[in-house]
Amino acid sequence: MPAGAGRHGLPQGRRLCWLLCAFTLKLCQAEAPVQEEKLSVSTSNLPCWLVGEFVVSEECSPCSSFQAKTTPECGPTGYVEKITCSSSKRNEFKSCRSALMEQRLFWKFEGAVVCVALIFACLVIIRQRQLDRKALEKVRKQIESI
């Protein structure tokens with residue numbers, strides 16, 4: 001049996017991992033009934049688009065200044081779409097993400113990634129130059145000592 005192996009032939013790290021997985025599974029099973037109770041809450045206070053079918057009446061568009069102040073759905077994204085619920089025929093607003101907003105966020109993320117990459121590339125170049133100087137200094141000292 002190799003050094004560090006447990007009773008069952010598994011390395012200590014794997015054994016610990018399996019123990020943690022088993023503990024987590026037991027913990028999740030213990031919490032499962034609580035989640036089922038939460039699901040039994042009445043759906044009358046939920047928006048109809050969460051519990052049933054709906055049709056989009058107006059496409060996703062930016063909120064007006066009035067809507068931003070009065071409609072809570074405008075808060076998360078600043079965009080809203082008007083929907084009609086199939087079952088109740090009620091008109092409601094639903095927060096949405098526009099393609100323009102997603103594109104802007106994507107390019108901001110790409111810009112940040114490029115900036116971070118440039119910073120680390122510069123750090124690598126600086127470190128490589130330091131190491132080259134140290135190596136040249138060692139070679140120079142060895143040649144001088146001969």
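Scroll up to find the structure.
Since this is a predicted model, take the numbers as computed values, not measurements.

S.K.: Hey, could you go over the pattern of salt bridges for me, with residue numbers and the actual values?
M.R.: Between side chains of opposite charge, a pair can form as their charged atoms come close. Within the structure shown, the criterion is met by four salt bridges. A salt bridge links E81 to K94; the nearest nitrogen and oxygen atoms lie 3.5 Å apart. Of this pair, E81 sits in strand β2 (residues 79-85) while K94 sits in strand β3 (residues 91-95), and the two are 13 residues apart along the sequence. You can call K94 buried: its relative accessible area is 16%. Between R97 and E102 there is a salt bridge; the shortest N-O distance is 2.3 Å. On the basis of relative accessibility, which here comes to 34%, the residue E102 falls in the partly exposed class. Taken together, the shared-partner salt bridges connect E137, R140 and E144 into one network.

S.K.: Outline the state of the cysteines, listing residues and values.
M.R.: Inspection of the entire model under this criterion finds two disulfides. The disulfide that involves C60 links it to C96, with 2.0 Å between the sulfurs. Between C60 and C96, the disulfide has an S-S torsion of 90° and is therefore right-handed. Separated by 36 residues along the polypeptide, C60 in strand β1 (residues 54-62) and C96 in the loop between β3 and α4 (99-145) bring together distant segments of the chain. In this structure C60 comes out as partly exposed when scored by relative accessible area, which is 25%. One disulfide in the model links C63 with C74; its S-S distance is 2.1 Å. Here the S-S torsion is close to -100°, and the disulfide linking C63 with C74 is therefore left-handed. Within this pair, whereas C63 is found in the loop between β1 and α3 (65-70), its partner C74 is found in the loop between α3 and β2, the two being separated by 11 residues in sequence. The same class applies to C63 and to C74, which are both buried.

S.K.: How would you sum up the side chain of T77? Please name residues and give values.
M.R.: Examined against the element boundaries, T77 turns out to sit in the loop between α3 and β2. Looking at T77, the relative accessible area reads 18%, which means it is buried. T77 has contacts with S95, C96, R97 and M101, leaving out every residue within four places of it along the chain.

About the cut-offs
- Each residue is numbered by its place in its chain's sequence as written, counting from 1.
- Local features in a predicted model are, by the rule used here, given only for residues with pLDDT of at least 70; side-chain atom pairs are given and counted only at 80 or more, and totals for whole chains, interfaces and linings are based on all residues.
- Excluded from the side-chain calculation are hydrogens and water; included are all heavy atoms of the structure.
- Each salt bridge in this description consists of a side-chain nitrogen of Lys or Arg and a carboxyl oxygen of Asp or Glu lying within 4 Å of one another.
- Helix and strand definitions follow DSSP, with helices as H or I runs of at least four residues and strands as E runs of at least two, each counted in order from the N terminus.
- When a residue's accessible area, from a 1.4 Å probe over protein chains only, is under 20% of the maximum for its type it is buried; when over 50% it is exposed; and in between it is partly exposed.
- We call a pair of cysteine sulfur atoms a disulfide when they lie within 2.5 Å.
- Two residues qualify as a contact provided that any one of their heavy atoms is within 4.5 Å of a heavy atom in the partner residue.

Any functional reading would require information that these geometric values do not contain.
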